[in-house]
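Coordinate inspection notes
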Amino acid sequence: MKFDTILEYQDLDRELLSVENEVAKSPERAAFVNAKAKLEAATAAVGKLSHEAAELLAGYGRLSSRAEELKAKLDEFDGILEGVADVNEADYYIRQIASISEEIASLEKDASKDGERIDAIASEYKKTWEVGRKASDAYKEAHAAFNAFASKIQPRITELKEGLAKLEKNVPEEFMTAYKSLRAAKKTPAFVAYKPESGTCGRCFMEVSGATRSKLKNPGDHAECPNCRRILYIPEE
Ligand SMILES: [Zn+2]
């Protein structure tokens with residue numbers, strides 16, 4: 001019979017889909033996915049803090065070296081006023097010294113703000129790291145639990161897949177190609193019995209057009225549903 005092998009294949013595949021679905025919807029898998037997302041979030045948080053700390057440290061380093069530079073410049077003015085007789089010249093040096101001192105004070109203020117933020121990050125980092133460590137433990141646990149669950153079901157999946165591979169050899173190529181493409185589009189069952197008297201697709205319930213209808217008259221006929229693309233067939237007696 002023309003449709004026997006593909007229908008047998010479809011039945012077995014339905015069982016495989018249902019077992020795969022059981023795994024996909026299991027609480028073990030949900031817990032695993034959840035733990036994975038938490039671990040990823042914690043890892044990202046640690047990374048973000050590390051990045052911020054590195055940038056702050058670099059900025060802090062730049063501020064410190066600029067302050068050192070200015071302090072050295074200030075040292076050059078040490079005792080310079082002693083030898084100055086001209087009031088204007090003295091005034092010039094005094095203003096220079098004042099301006100450098102101001103800049104140093106402002107740099108120190110910025111550096112102290114950065115320092116505070118660095119301290120805050122260090123404590124935040126400790127907390128985030130702890131969250132990450134716990135997330136990592138939870139992930140390992142959930143992963144192991146999911147693997148244990150999946151390994152119980154795996155033999156059945158393997159068995160079904162082997163059965164399908166065996167059947168596939170006897171399914172006409174045209175049917176197999178159509179089936180696989182419909183399965184990939186999540187349109188299962190892909191082969192749907194057609195009743196000429198109703199004139200509708202048994203799956204999407206769309207009334208088939210005249211052209212399709214004319215291809216579906218006798219047992220053994222088959223045609224694509226113009227709407228959902230499933231294969232409509234008329235069973236042989
Ligand atoms: Zn249809």
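One can find the structure itself at the top, above this paragraph.
Residues numbered from 1 in each chain as written. Predicted model: local features only at pLDDT ≥ 70, side-chain atom pairs only at ≥ 80, totals over all residues. Heavy atoms only, no water.

Here we come to the layout of surface pockets. For the largest pocket, the calculated volume is near 190 Å³. Sorting the residues of the lining of the largest pocket by element identifies helix H1 (4-24) and helix H4 (173-184) as the ones contributing at least two each. The element best represented in the lining of the largest pocket is H1, accounting for 3 residues. Residue composition of the lining of the largest pocket, by class: 2 nonpolar, 2 polar and 3 charged. (1 Å grid on protein atoms, 1.4 Å probe; cavity = no way out; pocket = protein on both sides within 12 Å on 5 of 7 lines; lining within 4 Å. Points joined across faces, edges and corners; volume = space filled by probe spheres on them. Helix = DSSP H or I, 4+ residues; strand = E, 2+ residues; numbered from the N terminus. Nonpolar A, V, L, I, M, F, W, Y, C, P; charged D, E, K, R; others polar.)

Attention now moves to the coordination of the zinc ion. Distances from the zinc ion to its protein donors, Cys201 (SG), Cys204 (SG), Cys225 (SG) and Cys228 (SG), fall within 2.2 to 2.3 Å. Between the donor residues of the zinc ion, the gaps in sequence give the motif C-x2-C-x20-C-x2-C. Given a relative accessible area of 1%, Cys225 falls into the buried group. (Donors = N, O, S within 2.8 Å, 3.2 Å for Na, K, Ca; no water. Buried < 20%, exposed > 50% of the residue type's maximum accessible area, 1.4 Å probe, protein only.)

Along the chain, the position of Cys204 falls in the loop between strand E1 (191-193) and helix H5 (210-215). Since its relative accessible area comes to 23%, Cys204 is described here as partly exposed. With sequence-adjacent residues up to four places away left out, Cys204 is seen in contact with Cys225, Asn227 and Cys228. (Contact = heavy atoms within 4.5 Å.)

What follows covers the packing of aromatic side chains. Summed over the entire model, instances satisfying the criterion amount to 9 aromatic pairs. A centroid spacing of 6.3 Å and a plane angle of 15° characterise the contact between Tyr125 and Trp129, whose relative ring orientation is stacked. Highlighted residues: Tyr125 and Trp129, both in helix H3 (residues 87-168), separated by 4 residues, approximately one helical turn. Assessed through its relative accessible area of 30%, Tyr125 is described here as partly exposed. Grouping aromatic residues by their ring pairs yields a cluster made of Phe3, Phe175, Phe191 and Tyr233. (Phe/Tyr/Trp six-rings, centres within 6.5 Å; stacked < 30°, edge-to-face > 60°.)

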